[in-house]
2 protein chains.
Amino acid sequence: MTTSGLLPEGFHDRLPPAADIAAGVERQVLEAARLHGYERVDPPLAEYAEALAARLKAGGLTNAVRFVDPVGQATLAIRPDLTAQVARIAATRMGHHPRPVRLSYAGSVLSLRASQLAPARERRQVGAELIGLDSVAAATEVVGVAVEGLTAAGIADPSIDFTLPDLVDTLAAGPLPVAVEAIGSLRERLDAKDAGGVAAIAPAYLPLVEAAGPFAGAVTRLRAFDTFGALTSRLDALEAIAATLPSSVALTLDPTERHGFEYQSWLGFSLFAAGAARELGRGGTYLIVHADGREEPATGFSLYAEALAALGAGGERRRLFLPYGTPADVGARLRSEGWVTVRALEPGDSPEAQLATHVWDGAAVRAV
Amino acid sequence: MTTSGLLPEGFHDRLPPAADIAAGVERQVLEAARLHGYERVDPPLAEYAEALAARLKAGGLTNAVRFVDPVGQATLAIRPDLTAQVARIAATRMGHHPRPVRLSYAGSVLSLRASQLAPARERRQVGAELIGLDSVAAATEVVGVAVEGLTAAGIADPSIDFTLPDLVDTLAAGPLPVAVEAIGSLRERLDAKDAGGVAAIAPAYLPLVEAAGPFAGAVTRLRAFDTFGALTSRLDALEAIAATLPSSVALTLDPTERHGFEYQSWLGFSLFAAGAARELGRGGTYLIVHADGREEPATGFSLYAEALAALGAGGERRRLFLPYGTPADVGARLRSEGWVTVRALEPGDSPEAQLATHVWDGAAVRAV
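Residues numbered from 1 in each chain as written. Chains lettered and ligands numbered in written order. Predicted model: local features only at pLDDT ≥ 70, side-chain atom pairs only at ≥ 80, totals over all residues. Heavy atoms only, no water.

## Side note on the overall build of chain A
In terms of regular secondary structure, chain A is built from 11 helices and 16 strands. Principal-axis analysis of the C-alpha atoms gives chain A an extent of 80 × 55 × 50 Å. With 368 residues in all, chain A has 55% of them scored as buried. As displayed, chain A offers around 15000 Å² of accessible surface, 55% of which is attributable to carbon and sulfur atoms. (Helix = DSSP H or I, 4+ residues; strand = E, 2+ residues; numbered from the N terminus. Buried < 20%, exposed > 50% of the residue type's maximum accessible area, 1.4 Å probe, protein only. Areas by Shrake-Rupley, 256 points an atom, 1.4 Å probe, with all protein chains shown as cover.)

## Some remarks on the UniProt feature "binding site: L-histidine" (unreviewed entry) in chain A
All names here are of chain A. According to UniProt, the "binding site: L-histidine" (unreviewed entry) feature falls on D81, L82, T83, Q125 and E129. The annotated residues occupy 49 residues of the chain but converge on a single region, no pair of C-alpha atoms lying more than 13.6 Å apart. With respect to the helices and strands, L82 occurs in the loop between β4 (75-78) and α3 (83-91). Tracing the backbone through its elements, the reader meets Q125 in strand β6 (residues 122-131). Setting aside residues up to four positions removed in sequence, Q125 forms contacts with D81, L82, T83, Y105, A106, G107, V109, S302, L303 and Y304. (UniProt positions renumbered as here; feature names shortened; annotations may be inferred. Contact = heavy atoms within 4.5 Å.)

## Re the sheet that holds β4(A)
All names here are of chain A. Pairing is antiparallel across the open sheet formed by 3 strands, whose spatial order is β2-β4-β3. Strands with a single pairing partner mark the edges of an open sheet, and in this sheet they are β2 (46-48) and β3 (66-68). Sheet twist, expressed as the mean angle between neighbouring strand axes with direction ignored, is 35°. (Pairing = 2+ DSSP bridges. Axes fitted to C-alpha atoms, helices over the stretch in contact; angles between N-to-C directions.)

## A look at the interface of chain A and chain B
Taken residue by residue, the interface counts 74 residues in chain A and 74 residues in chain B. Surface buried jointly by chain A and chain B totals about 6800 Å² across both partners, of which 59% is contributed by carbon and sulfur atoms. Across the chain A-chain B interface, the total number found is 13 salt bridges. For E39(B), the salt bridge is made with R319(A), and the minimal N-O distance between the two is 3.7 Å. Our count for the chain A to chain B interface comes out at 28 residue pairs in polar contact (both at pLDDT 80 or more). With 6 residues, the top contributor of residues to the side of chain A that touches chain B is helix α1 (residues 18-35) of chain A. Class assignment for the residues of the side of chain A that touches chain B results in 37 nonpolar, 9 polar and 28 charged. (Buried area = accessible area lost by both parts, 1.4 Å probe. Salt bridge = Lys/Arg side-chain N within 4 Å of Asp/Glu carboxyl O. Polar contact = N/O pair within 3.5 Å; in protein donor to acceptor, adjacent residues only side chain to side chain. Nonpolar A, V, L, I, M, F, W, Y, C, P; charged D, E, K, R; others polar.)

## Structural notes on the environment of L334(B)
Residues and elements named next belong to chain B. Checked against the element boundaries, L334 lands in helix α11 (residues 328-336). L334 gets classed as buried once you look at its relative accessible area, which sits at 2%. Here the alpha-carbon distance between L334 and L320, two residues 14 residues apart in the chain, equals 8.9 Å. In this structure, L334 is in contact with L320, L322, W339, T341, W360 and V365, ignoring residues within four places of it in sequence.

## As for the pattern of salt bridges
Going through the model one piece at a time under the given rule, you end up with 47 salt bridges over all chains. A salt bridge links D236(A) to R223(A); the shortest N-O distance between them is 2.8 Å. With D236(A) in helix α9 (residues 232-243) and R223(A) in helix α8 (residues 215-225), the pair connects residues that are 13 residues apart, well separated along the chain. When its relative accessible area of 31% is taken as the criterion, R223(A) is described as partly exposed. Ionic pairing is found between E39(B) and R317(A), a salt bridge with its closest N-O pair at 2.5 Å. Taken together, the residues E39(B) in strand β1 (residues 39-40) and R317(A) in the loop between α10 (305-311) and β13 (320-322) connect one chain to another. Under the relative-accessibility criterion, R317(A) is labelled partly exposed at 34%. Through salt bridges with shared partners, one network takes in E47(A), R88(A), R93(A) and D13(B).

## A few points about the environment of A87(A)
All names here are of chain A. Its location among the elements puts A87 in helix α3. Look at A87 and you get buried, because its relative accessible area is 9%. Look past the residues within four positions of A87 in its chain and what remains in contact with it is R55 and I288.

## A word on helix α9 (residues 232-243) of chain B
All names here are of chain B. Taking 1.5 Å of rise per residue, the 12 residues of α9 would be expected to cover 16 Å, and the 16 Å separating its terminal C-alpha atoms lies within 8% of that figure. Every buried residue of α9 is accounted for by R234, L235, A237, L238, I241 and A242. Along the long axis of α9, the arc covered by the buried residues comes to 155°, so they all point the same way. Residues of α9 that are buried in the fold lie against α4 (136-152), β7 (158-163), α5 (167-172), α8 (215-225), β9 (250-253) and β10 (264-273). (Expected span 1.5 Å × (residues − 1). Arc of directions from axis to C-beta.)

## So, the packing of helix α1 (residues 18-35) of chain B against α4(B)
Residue and element names in this part refer to chain B. At a closest axis distance of 8 Å, the pairing of α1 and α4 adopts a crossing angle of 140°. α4 is crossed by α1, and the crossing has right-handed handedness. For the pair α1 and α4, the contacting residues are Q28, V29, A32 and A33 in the first and V145, E148, G149 and A152 in the second. A class-by-class count of the residues in the contact of α1 with α4 yields 5 nonpolar, 2 polar and 1 charged. (Left-handed = near helix turned anticlockwise from the far one by under 90°.)

## Quick notes on the relation of the copies chain A and chain B
Of the transformation superimposing chain A on chain B, the axial component is 0.0 Å and the angular component is 180°, with the fit at an RMSD of 0.1 Å. In symmetry terms, the pair is related by a two-fold rotation axis. For chain A, the residue whose C-alpha comes nearest the rotation axis is F67(A), separated from it by 3.4 Å. By residue overlap, the copies meet face to face through one surface: 100% of the interface positions of chain A are interface positions in chain B. (Least-squares fit on C-alpha atoms with pLDDT ≥ 70 in both.)

## Looking at the pairing of strand β11 (residues 279-289) of chain A
Residues and elements named next belong to chain A. Taken together, the 6 bridges between strand β10 (residues 264-273) and β11 define a ladder with antiparallel strand orientation. From the neighbouring strand, F272 faces β11, where its bridge partner is E279. Taken together, the 9 bridges between β11 and strand β12 (residues 295-304) define a ladder with antiparallel strand orientation. Of the residues in β12, the one forming a bridge with T285 is T299. Between β11 and β12, which pair antiparallel and follow one another directly, the connecting turn spans 5 residues, one of which, G293, has a positive phi of 90°.

## Details of the sheet that holds strand β14 (residues 341-343) of chain A
To summarise the sheet geometry, strands pair through backbone hydrogen bonds and adopt either a parallel or an antiparallel arrangement. Residue and element names in this part refer to chain A. The strand order across the open sheet formed by 4 strands is β14-β13-β15-β16, and the pairing between neighbours is mixed. Sheet topology places β14 and β16 (365-367) at the edges, where each strand pairs with a single neighbour. Averaged over neighbouring strand pairs, the angle between their axes works out to 30° when direction is ignored. The sheet contact formed by strand β15 (residues 358-360) and β16 spans 3 bridges and is antiparallel. When the bridges of β16 are listed, V359 appears paired with R366. The strands touched by helix α11 (residues 328-336) are β13, β14, β15 and β16; relative to β14, the strand with the most contacts, the crossing angle is about 160°.

Below, the structure is given as structure tokens:
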């Protein structure tokens, strides 16, 4: 790594062909969303830090790059996340549009510090948000678009891990009361699958420690646990969504997973490539806050292009070398036939130097 | 403008359909470059400020957003320009690749302050660089790719304004000596077309004040002025490039235009849409500095996606509404036929609310 000192930790150059592959993967995900009626929005890299913070989950701006704007003297922040900006657009400039509104986006997000789980400080976030609905029909569409996007991007065998972010709140407010001040620790112990910790706080929640697993079994266990029927509508919804997905998509359910779903409402999901430990993205249902305090339901997903590109197929790299002096109109014709042409601009240039796979011999295309 | 206070001055949301149009325009330019063998590089948004400054023209970093990296305590900068980063990649990580290397790029660049000429503080820069050559053949290819990119992006009638950035240096070092300390002011007075100012410094340069204009006439005037033959190779080169361009491209030559071409060598050019005053982008020949001090010639161009998108054709917006309850496989079939489908997720949804142009009536597609 002779070049490791060139860039600050957590920042990287993407070179050929990785940069082309990443751009292609991003395009495929956006195209899957476009075909379902999602239209692009493109919020700016920087915003008023205060306004952005209000739409991020608690503490979300502590990891954002901030600077003082010499124009207005306000503190601005480079976005650490794009969905907060899309929510702002939906609530303000597109607040008058009939619902649901379907929006897609792709852009860079920046973190001030890296974490062990996310060592890159700059990432490309790409996704789609359905604003105005968080129903089963909405979630079914959004999960379906995410799966189509992954498949189009070359992830042949995606898997989805569902979660129920407001599970503990729902039970605690209903059949299994927990002291308000203990709810946070209970959630945390459940997320950690710490049976001893859960038993010490609220023993009635112990069965949830073992509830996670392959989808069908986990749903069965949860229905057995839920003798009160408090979770029936949620489990029915999950099964309805699952029924619409191709059988090639592996499904799991981890009902008490909380990490990263702090602002989701009844549904959360993580997207994986089967067999890969690294998450490709996530999504779920949530609430958007309008200026008048009104809350509006929404459903969406975000993917990280780097994670996709690392797994997606790169495709074939075909380059046709045009020897020095090849007439310009020959090149134009070959490009119109779909070839990538690389023209020799000096007599000494060669197909090898230009990584060409094919050569124009003056009359026909030949493989190198 | 009830929403003008939402974002800091110089930052903007792009909404549908503008965001889709801008993304499409960017894609078209990159595709034109790809067909000529240019491959994507994707440098990071932030770099070490010092390293970036060394590759920007003098003072280039004074207008960059900077922040202290909490990880290494170094000062980092958000890039105000992408070509400096592409030059870095070409000189370092791709320094060992056979030349010429063809690279393309697209990304956001950020300015700390806006200027009257460039009121946006965030812009999307897209372009292509040919590293290793600055010959007539190199310039011909690069100008040609720029024109193909503009045409593909919907600019039917591009125009090019050529300039000769090192004109004064060449003349002053040869047939028309000027005191070294006066060269800067001479360049400035020529750029300002200030005959009095030029006469006061170096009267021999006066004919250059009137040299600019439509291409053929300007070349003729310059050849008449250049009785010494100091400009012959440059003018021959310009005519050779011009001869390869479609006749629909309007050409002008402003030999003493300097502003924005401070780091170009023998050739500079600005790209316009005929009739529009606003520049779409620019390019030219320049030198890349390697770590060992070696200088390498290069040729390239950059376009600003916003300027293109404002002029480019948006195309037709076709959306097919699928009434509530339309089977999923019908939607899939219609999307595979190229339709953008917008599915009703509630009984009350309507084609009007979803800005649909067409409706599925259960058996066929009908226009709204």
